[in-house]
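Structural features, examined
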Amino acid sequence: MESAPAPSLDSGVMAFEELIEAWDGEEVVVHRDEPTSSWMLIGIHDTTLGPAMGGTRLSSYPDPSDAVEDVLRLSEAMTWKQAVADLPYGGGKAVIAVPEVPAHASDDRRALLLRYAELVESLHGTYVTAADMNTGEADMDTVWERTSHVLGRSTSNGGSGDPGAATALGVFHGIRATIRRAFGEDSLEGRSVLVQGLGSVGSRLASHLGDAGATLLLADLDAGRATSLADALGAKVVRAEDVIGTECDLFAPCATGKVLSRETIPHVRCRAVAGAANNQLATPEDGDLLRDAGILFAPDFVVNAGGVIHLAGRETLGWDDATLSRRLEAIGDSLLEIFDRAEAEGLSPAAAADRMARERIAAGRVE
Ligand code: NAI
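Values in this document were obtained by computation on a predicted structure and should not be read as measured data. (Residues numbered from 1 in each chain as written. Predicted model: local features only at pLDDT ≥ 70, side-chain atom pairs only at ≥ 80, totals over all residues. Heavy atoms only, no water.)

Details of the pairing of strand β6 (residues 192-196)
- For β6, the tally of buried residues reaches five of five residues, placing the bulk of the element in the interior.
- A two-sided burial pattern is seen for β6, the buried positions comprising S192, L194 and Q196 on one face and V193 and V195 on the other.
- Relative to strand β7 (residues 215-219), β6 is paired through five bridges, and the arrangement is parallel. Bridge pairing in β7 places S192 opposite T215.
- For the handedness criterion, the β-α-β arrangement of β6, helix α6 (residues 200-211) and β7 is classed as right-handed.
- With four bridges connecting them, β6 and strand β9 (residues 248-253) associate as parallel partners. (Buried < 20%, exposed > 50% of the residue type's maximum accessible area, 1.4 Å probe, protein only. Helix = DSSP H or I, 4+ residues; strand = E, 2+ residues; numbered from the N terminus. Pairing = 2+ DSSP bridges. Right-handed = clockwise from strand over helix to strand, strands pointing away.)

Below, the structure is given as structure tokens:
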């Protein structure tokens, strides 16, 4: 008689193992939240320069391994972001993978966040959390009830609030620098900029660009949002599905990641890309594809560091308004340095930024 097959781990769990084995970070915390059948995942990628700091993403995923992939990728990007922004933090990120995102201000959401806060607290400050996709300052207020290792509480509760405005201003400085390098002149007057995603960051960015005289093209999955902002700013609406392929001087992805891939890059019709979305390149090789296509890419983790600059500056480093403004403006200077370096070393800007971040971390390592 044939013996029954040995019990095997299902493919999702195998993927967990493979993903973590292929990752070069320090620690992944995997916690099963029984009451909600959720996974709480914390990726601590690198703590050489300080505690791993990054937001908490609250989302549903087709498979838990997709959530693991997200937390690993995003925590690594945070390492490079903190290093290039010259902040005393390392890279971390958390994902709460829920069957369904609980409603704001609901008892279920509060209970889930309190249990999550206990998990953060159990790490004794190795990981410092903040808001991210589907979480905001009210959620950080809740997290604060059980752990002090959280940034971005509401201002009425002693925190520095939503970092979206600082992120938008930082992206604006990044776009200025990118336009300067791509077109050899400072002015945004008459330059066409396509903003994809008009949420907390994209809407504020669009206002800054409009004030600077740019010709605005605006796109959002929520067509009503795009239309009302376009009306307010005198901009043109582009349908969300037509973004890739629309001609413009600069494309600013401010919605989701992986917008630049082997499939989309041949259809991108702009001279430069600089925006807020994390992990815009589907793979690192896409940085080279952009360079070969003559498209100047401003690495996202450099451009969108305004949020962490705001959180760290306000809540940890005690900066005043002038210092914060200077540090946001410095995003443009960092980009110009990266573009120079890319040219001098025959690299794509993405690879040059990556090298710069790794050097800063190596210099901070105590052997
Ligand atoms: P948000 O959630 O407020 O806004 C996102 C907007 O993008 C929404 O209006 C949504 O309808 C739209 N959208 C989603 N998919 C789209 C698509 N395929 N095409 C067009 N529009 C689409 O997000 P927020 O805070 O403005 O962040 C934008 C991006 O910047 C995200 O990728 C986020 O991870 C990143 N980021 C945000 C920071 C912050 O301080 N808020 C800091 C660093 C990065």
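Thoughts on the packing of helix α5 (residues 164-183) against α6
- Interaxial distance between α5 and α6 falls to 8 Å at its minimum, and their mutual angle equals 50°. Compared by their axis directions, α5 and α6 come out oblique. Of the two possible hands of crossing, α5 and α6 adopt the one that is right-handed. Here G164, A165, T167, A168, L169, V171, F172 and I175 of α5 lie close against α6, whose contacting residues are S200, V201, R204, L205, H208 and L209.
- Within the contact of α5 with α6, the residues separate by chemical class into nine nonpolar, four polar and one charged. (Axes fitted to C-alpha atoms, helices over the stretch in contact; angles between N-to-C directions. Parallel < 35°, antiparallel > 145°, perpendicular 65-115°, else oblique. Left-handed = near helix turned anticlockwise from the far one by under 90°. Contact = heavy atoms within 4.5 Å. Nonpolar A, V, L, I, M, F, W, Y, C, P; charged D, E, K, R; others polar.)

Some words on the site of the ligand
- Near the ligand lie 21 residues; those nearest to it are T167, V201, D220, R225 and A255.
- Note that an oxygen atom of the ligand is positioned 3.3 Å from one of the backbone N or O atoms of A276.
- Here an oxygen atom of the ligand sits 3.2 Å away from a polar atom, N or O, in the side chain of N278.
- Relative to its free-state accessible area of 830 Å², the ligand is covered by the protein chains to the extent of 74%.
- Along the lines of polarity and charge, the residues of the shell around the ligand split into eight nonpolar, nine polar and four charged. (Near = heavy atom within 4 Å. Polar contact = N/O pair within 3.5 Å; in protein donor to acceptor, adjacent residues only side chain to side chain. Areas by Shrake-Rupley, 256 points an atom, 1.4 Å probe, with all protein chains shown as cover.)

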